Amino acid sequence: MNSLLAFTIVMLIWTISDYVSKKTKALLSSLFVASVIFLIGFKSGLFPEDLLPSSSLLTLGQTVVGLVIVHLGTLISLDEFKRQWKTFVIGVSAVLGIAAFLYGLGQFFLDTNYVLSAIAAISGGTISIILVQDAAVNAGLVSVAVFPVLIAATQGLIGFPLTSIILRKEARRIRTAHRDGTLVTPEEHAVVHDETDDSILPAAFHTTAGTLFVMGVVVLLSTVLSGWTNGYLNTFVIALILGIVLRRFKILKANALNGIDAYGLIMIAILLIIFGPLATLSPSALFELIVPITISFVLGVSGLLLFALIVGRFLGYSKEMSMAIGLTALYGFPGTLILSEEAAKSIGETEEEVHIIEDEILPKMIVAGFSTVTITSVFITGILAAFIY
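Just so it is clear, the model here is predicted, and its values are computed rather than measured.

Quick notes on the rules
Residues numbered from 1 in each chain as written. Predicted model: local features only at pLDDT ≥ 70, side-chain atom pairs only at ≥ 80, totals over all residues. Heavy atoms only, no water. Phe/Tyr/Trp six-rings, centres within 6.5 Å; stacked < 30°, edge-to-face > 60°. Buried < 20%, exposed > 50% of the residue type's maximum accessible area, 1.4 Å probe, protein only. Lys NZ or Arg CZ within 6 Å of the ring centre and 35° of its normal. Helix = DSSP H or I, 4+ residues; strand = E, 2+ residues; numbered from the N terminus. Polar contact = N/O pair within 3.5 Å; in protein donor to acceptor, adjacent residues only side chain to side chain. Contact = heavy atoms within 4.5 Å. 1 Å grid on protein atoms, 1.4 Å probe; cavity = no way out; pocket = protein on both sides within 12 Å on 5 of 7 lines; lining within 4 Å. Points joined across faces, edges and corners; volume = space filled by probe spheres on them. Nonpolar A, V, L, I, M, F, W, Y, C, P; charged D, E, K, R; others polar. pLDDT = per-residue confidence, 0-100. Salt bridge = Lys/Arg side-chain N within 4 Å of Asp/Glu carboxyl O. Axes fitted to C-alpha atoms, helices over the stretch in contact; angles between N-to-C directions. Parallel < 35°, antiparallel > 145°, perpendicular 65-115°, else oblique. Left-handed = near helix turned anticlockwise from the far one by under 90°. Expected span 1.5 Å × (residues − 1).

> Honestly, the packing of aromatic side chains in this entry has me stumped. Any pointers?
Given two aromatic rings, one states the distance between the centres and the angle between the planes to describe the pair. In this structure the tally under the stated criterion is six aromatic pairs. Look at Phe38 and Phe47: their rings are 6.3 Å apart centre to centre, the planes differ by 65°, and that puts the pair in the edge-to-face class. As far as the burial class goes, Phe38 and Phe47 line up, both buried. Note that Arg248 overlies the ring of Phe249, its terminal NZ or CZ placed 5.7 Å from the centroid. We note Lys364 situated over the ring of Tyr317; from NZ or CZ to the ring centre the distance is 5.7 Å.

Set out below in structure tokens:
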């Protein structure tokens, strides 16, 4: 497909997605709308399978994803992790809920191998899926290797709108508490809106090119460190940690990529990685696995919501915030960032209210995504993958 035509189509899809999101006040998130458009387009034959790679944006996204992970690290300070320990615990409990429900109840309906791959796919991201896929391929189980890909290709269609609705309710609660004076001031939260130049690097590295260069070096260093551990420590996990540390020592400023000329294009390119699997999703394979996928989602989502609600109530979180934290297992970053911003902008009626809502929601959602998709899921999947046979 012509690269310029593909690029233009992708931008049209994202324009429509943003428009619908704004018109529905984030009830239908831009991620959900784009997912539906891509799914219908690919399955109807309206879009060719090479649409995303032809646009060159998919390659860009795969190249700069590490930079965005470093950027994610600069959104949270080390002090923030200490403050957000409750969020971390709720996120861990949500993944344990997925594993408990699927492993305990799923085996009454599904083959054990499908159960194990479903746990990996529903609770985690790319790394978790790769871990379980490698085990399935080595065991000669092709359908089991495909199963988590199908789940990963469709779980955003559940996670995005559900989280959007829940976060809007949480945003209304925060707005009401702020207006009646019962909300604890957000001064204790990490500063994610700070646009001041607090980096100790020379001014030459504060430009768009300079910022991308520095963050590129950080990702390359992460790759080297991951190699030293023989891949046991994932490159992106190291990049995230380095982002946090470098912000702490003011080598990178808070919210490092925000404000640079390339940020918007980078975010669109990263998001296309999410939609990539939709292009090769076989209609016949989807039809054959629709029942196992449905069972997996019902049990997995039920488990994560129940465990998150119980632990969240014990720790003093609202039921909406607890559920939203648990649901981050279905998509992780950048959904955690985008859905939080959409909820704040759609409910906050002044710039102050938008910032206050974000300061309440965004740090929790970012830590939640880290605790579910990045840490707990990879750990659990690494153990369960050994039992695929």
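This is not the end of the story, as more comes after the structure.
> Please clarify how the environment of Ala135 should be interpreted in this entry.
Looking at the element boundaries, Ala135 is found in helix H8 (residues 126-138). Along the chain, Ala135 and Ala145 lie 10 residues apart, while their C-alpha atoms are 8.2 Å from each other.

> Just checking my understanding: could you explain the side chain of Thr211 for this structure?
Along the chain, the position of Thr211 falls in helix H10 (residues 208-228). One polar contact links the side chain of Thr211 to the main-chain carbonyl oxygen of Thr207, over a distance of 2.8 Å. Apart from the residues within four sequence positions on either side, Thr211 is in contact with Phe205, His206, Ala256, Leu257 and Ile260.

> So what exactly am I meant to see when it comes to empty space enclosed by the protein here?
By the definition in use, this model includes two cavities of 30 Å³ or more. In this structure, the largest cavity spans a volume of roughly 100 Å³. Lining of the largest cavity is provided by 11 residues; of these, Phe205, His206, Thr211, Leu252 and Lys253 occupy positions nearest its centre. The class makeup of the residues in the lining of the largest cavity is six nonpolar, three polar and two charged.

> What is the right way to read the confidence of the model for the protein chain from this model?
Any region with low pLDDT has predicted coordinates that should not be read closely. Residues of the protein chain with pLDDT of at least 70 account for 85%, and the chain-wide mean is 81. Ranking the elements of the protein chain by mean pLDDT puts H8 last, at 70, and helix H15 (residues 319-327) first, at 94. Low pLDDT, under 50, characterises residues 186-197; the predicted model gives this stretch 29 contacts beyond four residues in sequence or across chains.

> Just to check I follow, could you spell out the pattern of salt bridges for this structure?
Two side chains that carry opposite charge are able to pair once their charged atoms sit near each other. Taken as a whole and assessed by the stated rule, the structure comprises six salt bridges. Linking Glu353 and Arg179 is a salt bridge whose minimum nitrogen-to-oxygen distance equals 2.8 Å. With Glu353 in helix H17 (residues 351-384) and Arg179 in helix H9 (residues 142-179), this residue pair connects regions lying 174 residues apart in the sequence. Look at Arg179 and you get partly exposed, because its relative accessible area is 46%. One salt bridge connects Glu360 with Lys364, and the closest N-O pair in it is separated by 3.8 Å. Placement of both Glu360 and Lys364 in helix H17 is noted, with a separation of four residues, approximately one turn of the helix. Both residues of the pair, Glu360 and Lys364, belong to the buried class. Each member of the salt-bridge network shares a partner with another, and the members are Arg175, Arg179, Glu349 and Glu353.

> Hey, could you run me through the packing of helix H14 (residues 290-315) against H15 in this one?
In helix packing, the relevant descriptors are the interaxial angle and the interaxial distance, both defined with respect to the helix axes. Where H14 meets H15, the axes come as close as 8 Å, and the angle between the chain directions of the two elements is 135°. Viewed along their axes, H14 and H15 adopt a mutual orientation that is oblique. For the crossing formed where H14 meets H15, the hand is right-handed. From H14, Val301, Leu304, Leu305, Ala308, Leu309, Gly312 and Arg313 reach across to H15, where they touch Lys319, Ser322, Met323, Gly326 and Leu327. Within the contact of H14 with H15, the residues separate by chemical class into seven nonpolar, three polar and two charged.

> I tried to follow H15 on my own but got confused; where do I start?
Note that an α-helix has 3.6 residues per turn; residues three or four places apart therefore point the same way. The element H15 is extensively covered by neighbouring structure, given that eight of its nine residues are classed as buried. Within the span of H15, buried status applies to Glu320, Met321, Ser322, Met323, Ala324, Ile325, Gly326 and Leu327.

> Looking at this model, I keep getting lost on helix H16 (residues 335-347). Mind explaining?
In this model H16 runs 18 Å from its N-terminal to its C-terminal C-alpha over 13 residues, within 8% of the 18 Å that 1.5 Å per residue would give. Burial analysis of H16 places 11 of its 13 residues in the buried class, the great majority of the element. The complete set of buried residues in H16 reads Gly335, Thr336, Leu337, Ile338, Leu339, Ser340, Glu342, Ala343, Ala344, Ser346 and Ile347.

> What is the right way to look at the packing of helix H6 (residues 85-105) against H15 in this model?
One can describe the packing of H6 onto H15 by two numbers: an axis separation of 8 Å at closest approach and a directional angle of 60°. Between H6 and H15, the crossing angle belongs to the class labelled oblique. The element H6 and its partner H15 pack so that their crossing is right-handed. Here Thr87, Ile90, Gly91 and Ala94 of H6 come into contact with H15, specifically with Ser322, Ile325 and Gly326. For the contact of H6 with H15, a count of residues per class yields three nonpolar, four polar and no charged.

> Is there a simple way to explain unusual backbone geometry in this structure?
For residues besides glycine, phi is generally negative; the peptide bonds are generally trans as well. Its identity as a non-glycine residue notwithstanding, Ser56 has a phi of 70°, on the positive side. With respect to the helices and strands, Ser56 occurs in the loop between helix H3 (51-54) and helix H4 (57-74). A positive phi is found at Lys250, a non-glycine position, where the angle reads about 60°. For Lys250, the location among the structural elements is in the loop between helix H11 (235-248) and helix H12 (263-279). Given the relative accessible area of 43%, Lys250 is considered partly exposed.

> Looking at this structure, how should I read the environment of Gly66?
Relative to the assigned elements, Gly66 resides in helix H4. We classify Gly66 as buried; its relative accessible area is 2%. Sequence-wise, Gly66 and Thr235 are 169 residues apart; in three dimensions their C-alpha atoms are separated by 8.1 Å. Not counting chain neighbours up to four residues away, the residues in contact with Gly66 comprise Val219, Phe236 and Ala239.

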